[in-house]
Amino acid sequence: MRRVTLFVNGTSKNGKVVAVYGTLSDLLSVASNKLGIKASSLYNGKGGLIDDIALIRDDDVLYVSEGDPFIDPQTESKVASGQHGAHTDWLTLNIGGRLFTTTRSTLVSKEPESMLAHMFCEKDVWGNKQDKHGAYLIDRSPEYFEPILNYLRHGQLIINEGLNIRGVLEEARFFGIEQLAEQLEVAIKNCQPPEDHSPISRKEFVRFLLATSTKSELRCQGLNFSGTDLSRLDLRYINFKMANLSRCNLAHANLCCSNLERADLSGANLDVSVDVNRKVSWFHTGDANVFLLLPSSGVFFVSMACVVVFKGTNLQGVKMLCCNAEGASLKGCNFEDPSGLKANLEGANLKGVDMEGSQMTGINLRVATLKNAKLKNCNLRGATLAGTDLEVN
C-alpha cells in the first residue's frame with residue numbers, strides 16, 4: 001500500500017497523509033474529505049498534472065486543486081516573505097518640513113484601518129509625493145504629528161507640556177486614528193475646569209453694582225446668590241429672574257422695580273420697613289409653591305402653608321403674573337402708580353383674597369381667579385377683567 005502527503009494547491013502547510021487505493025476518483029474523494037475542499041485535480045511537486053493513479057509513487061507529495069492551475073508553494077512563500085519585509089522597511093516622512101524616520105510596520109500595525117496605514121501599507125499604492133531625498137511629503141503640523149507617531153510606536157499617549165492637545169486631536173482625526181482620537185477627547189474633557197456653581201459673594205456683587213447706573217437693569221438671571229448677604233443694598237431695577245436667592249439676607253435692601261420672577265427665595269430674609277408713601281419692593285413670581293409675606297411692618301418669605309398678608313402695603317406697579325396668593329389679605333393696598341406703571345396680576349390665583357378698600361385703578365386682572373374674593377370699596381376703575389373669574393358663593 002502506498003502513502004502520499006496531500007497539500008492544498010499553493011501551500012505547504014496543514015498537509016494530510018493518506019493511503020492510495022482504488023482509482024484516481026477515490027483518491028480525490030479522500031482529499032476532499034481530508035482537506036475540506038472540492039478536489040478535482042492533482043499535481044506533483046513540479047506542477048505536473050496527474051491523470052492516472054499508477055503514476056503516484058509511495059511517499060509522493062501532491063497538491064490538490066479545485067480546478068485552478070498549479071501554484072508553486074515556494075513562490076507564494078517568497079511573496080509573503082517579501083510583503084512581510086515591506087512592512088519592516090524604513091522610510092522617511094517630511095511632515096511640514098520636518099523629517100521623521102520610522103518603519104512601515106509602525107505606521108500600519110497599530111491601527112490598520114486608519115488613513116495613515118492605508119497610505120503606507122503597500123509601496124506607492126497612494127502615489128505619495130516624495131522630495132528630492134525620497135522623503136514622503138505630507139502637509140501637516142510636525143509638532144502635532146510627533147505625539148501621534150510615538151503613540152503608533154509604543155501605544156502610549158504622551159503630550160509634552162505646552163502643546164495644545166486639541167491640535168493633536170485634529171491631526172489624529174485627519175489621519176483616521178480613531179482609538180487615539182477617543183483617548184484625546186477623554187483627556188480634553190478631563191482637563192476642563194469644573195463649572196463654578198459657587199454663590200456670588202457680597203464683595204463681587206457690590207463691584208457689579210458700582211459699575212452700573214441705578215436706572216439701568218442689571219441682568220442677574222439664573223445667578224447663584226445662595227446665602228449671600230445683600231442687606232441694605234440698592235437693588236432697584238435688577239433682574240433676578242430664576243436666580244437662586246435661597247437663604248439670602250435681603251434685610252432693608254431696596255428691591256423697587258426689581259424682577260424676582262421664579263426666583264428661589266426659600267429661607268431668605270426679606271425683613272424691610274414699608275413706606276406707604278412711595279413705591280416699595282415688588283415681586284414677580286410664577287412659583288405656585290411659595291408665597292411672599294408683605295405685612296405693613298415688613299417683607300418676609302413664607303411657605304405655601306402660610307397665609308399671605310399684603311395688608312396696607314404700597315404695591316404700585318407690582319408684577320404678580322400667575323402667582324398663587326389664595327387666601328391672602330390685600331386689604332387697603334395701593335396698586336395705583338401715578339407714573340402710569342400698571343400693576344400686573346394676570347393669571348394670578350386670588351381665590352378668597354380680601355381686597356377691601358384697595359386702590360386698583362388700571363390693574364391687569366386678565367384671566368385671574370377672584371372667586372369668593374372680597375372687593376368691598378375696592379377701586380377697579382380702568383381695570384382689565386377679561387376672562388376673570390368673579391364667582392361669589
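Placed above this text is the structure.
Conventions adopted
Residues numbered from 1 in each chain as written. Predicted model: local features only at pLDDT ≥ 70, side-chain atom pairs only at ≥ 80, totals over all residues. Heavy atoms only, no water. Core = buried A, V, L, I, M, F, W, Y, C linked by side-chain atoms within 4.5 Å. Buried < 20%, exposed > 50% of the residue type's maximum accessible area, 1.4 Å probe, protein only. Helix = DSSP H or I, 4+ residues; strand = E, 2+ residues; numbered from the N terminus. Contact = heavy atoms within 4.5 Å. Polar contact = N/O pair within 3.5 Å; in protein donor to acceptor, adjacent residues only side chain to side chain. Pairing = 2+ DSSP bridges. Axes fitted to C-alpha atoms, helices over the stretch in contact; angles between N-to-C directions. Expected span 1.5 Å × (residues − 1). Phe/Tyr/Trp six-rings, centres within 6.5 Å; stacked < 30°, edge-to-face > 60°. Parallel < 35°, antiparallel > 145°, perpendicular 65-115°, else oblique. Left-handed = near helix turned anticlockwise from the far one by under 90°. Nonpolar A, V, L, I, M, F, W, Y, C, P; charged D, E, K, R; others polar.

J.: Explain the nonpolar core to me, using residue names and the numbers behind them.
T.: Ranked by size, the top nonpolar core spans 25 residues in total, and within it Leu93, Leu107, Leu116, Phe120, Phe145, Ile148 and Ile177 carry the most contacts. For this core, the secondary structure elements donating two or more residues are β6 (90–95), α4 (115–120), β8 (136–138), α5 (142–154), α6 (165–174) and α7 (178–191). Examining the composition of this core, we find that five residues originate from one element, α5, more than from any other. Apart from the residues within four sequence positions on either side, Phe145 is in contact with Leu93, Ile95, Phe100, Leu116 and Phe175.

J.: Lay out the side chain of Thr388 in plain terms, naming residues and giving numbers.
T.: In this fold, Thr388 is placed in the segment after β10 (300–303). In this structure the side chain of Thr388 is engaged in a polar contact, spanning 2.5 Å, whose partner is the backbone oxygen of Leu365. Residues contacting Thr388, with those up to four places away along its chain left out, are Leu365, Arg366, Val367, Ala368 and Leu370.

J.: Got a sec to walk through the sheet that holds strand β1 (residues 2–8)? Specific residues and values, please.
T.: Within the open sheet, the five strands sit side by side as β2-β1-β5-β3-β4. Their pairing is mixed. Here the strands that pair on one side only, and so sit at the sheet edges, are β2 (16–20) and β4 (49–50). Sheet analysis places β1 next to strand β5 (residues 60–65), joined by five bridges and oriented parallel. Each bridged residue has a counterpart across the sheet, and for Val4 the counterpart in β5 is Asp60. Against the sheet, helix α1 (residues 24–35) contacts β1, β2, β3 (41–43), β4 and β5, and its axis sits at roughly 155 degrees relative to β2.

J.: Please set out α1 residue by residue, giving values where relevant.
T.: Its twelve residues place the ends of α1 16 Å apart at the C-alpha level, agreeing with the 16 Å of an ideal helix rising 1.5 Å per residue. Taken from the residues just after α1, Gly36 is the one with a positive phi, measuring 70 degrees.

J.: Run through the packing of aromatic side chains, naming residues and quoting values.
T.: Counted under the stated rule, the structure contains ten aromatic pairs. Taken together, a centroid distance of 5.6 Å and an interplanar angle of 45 degrees make the contact between Tyr43 and Phe70 tilted. Placement of the pair is Tyr43 in strand β3 and Phe70 in the loop between β5 and α2 (73–88), with a sequence separation of 27 residues. By relative accessible area, which is 11% here, Tyr43 ends up buried. Overall, the relative accessible area of 23% leaves Phe70 in the partly exposed class. With centroids separated by 5.1 Å and ring planes inclined at 80 degrees, the aromatic side chains of Phe120 and Tyr136 adopt a geometry described as edge-to-face. One end of the pair, Phe120, is in helix α4; the other, Tyr136, is in strand β8, and 16 residues separate them in sequence. Of the two residues, Phe120 and Tyr136, both sit in the buried class.

J.: Please give an account of the sheet that holds β8 that cites residues and values.
T.: With mixed pairing, three strands are arranged side by side in an open sheet as β7-β6-β8. A strand with exactly one partner marks an edge of an open sheet, and here the two such strands are β7 (98–103) and β8. Averaged over all neighbouring strand pairs, the angle between strand axes comes to 30 degrees, with direction disregarded. Judged from the six bridges that link them, β6 and β7 form a sheet pairing that is antiparallel. For Trp90, the partnering residue across the bridge sits in β7 and is Thr103. Taken strand by strand, α5 contacts β6 and β7, and its axis lies near 10 degrees from that of β7.

J.: Which residues make up the packing of α5 against α6, and what are the values?
T.: Taken N-terminus to C-terminus, the directions of α5 and α6 make an angle of 70 degrees; their axes are 9 Å apart at the nearest point. In terms of their interaxial angle, α5 and α6 are classed as roughly perpendicular. Taken as a pair, α5 and α6 cross one another with a handedness that is right-handed. Residue-level contacts link Tyr144, Pro147 and Ile148 of α5 to Gly167, Val168, Glu171 and Ala172 of α6. Tallied by class, residues from the contact of α5 with α6 come to five nonpolar, one polar and one charged.

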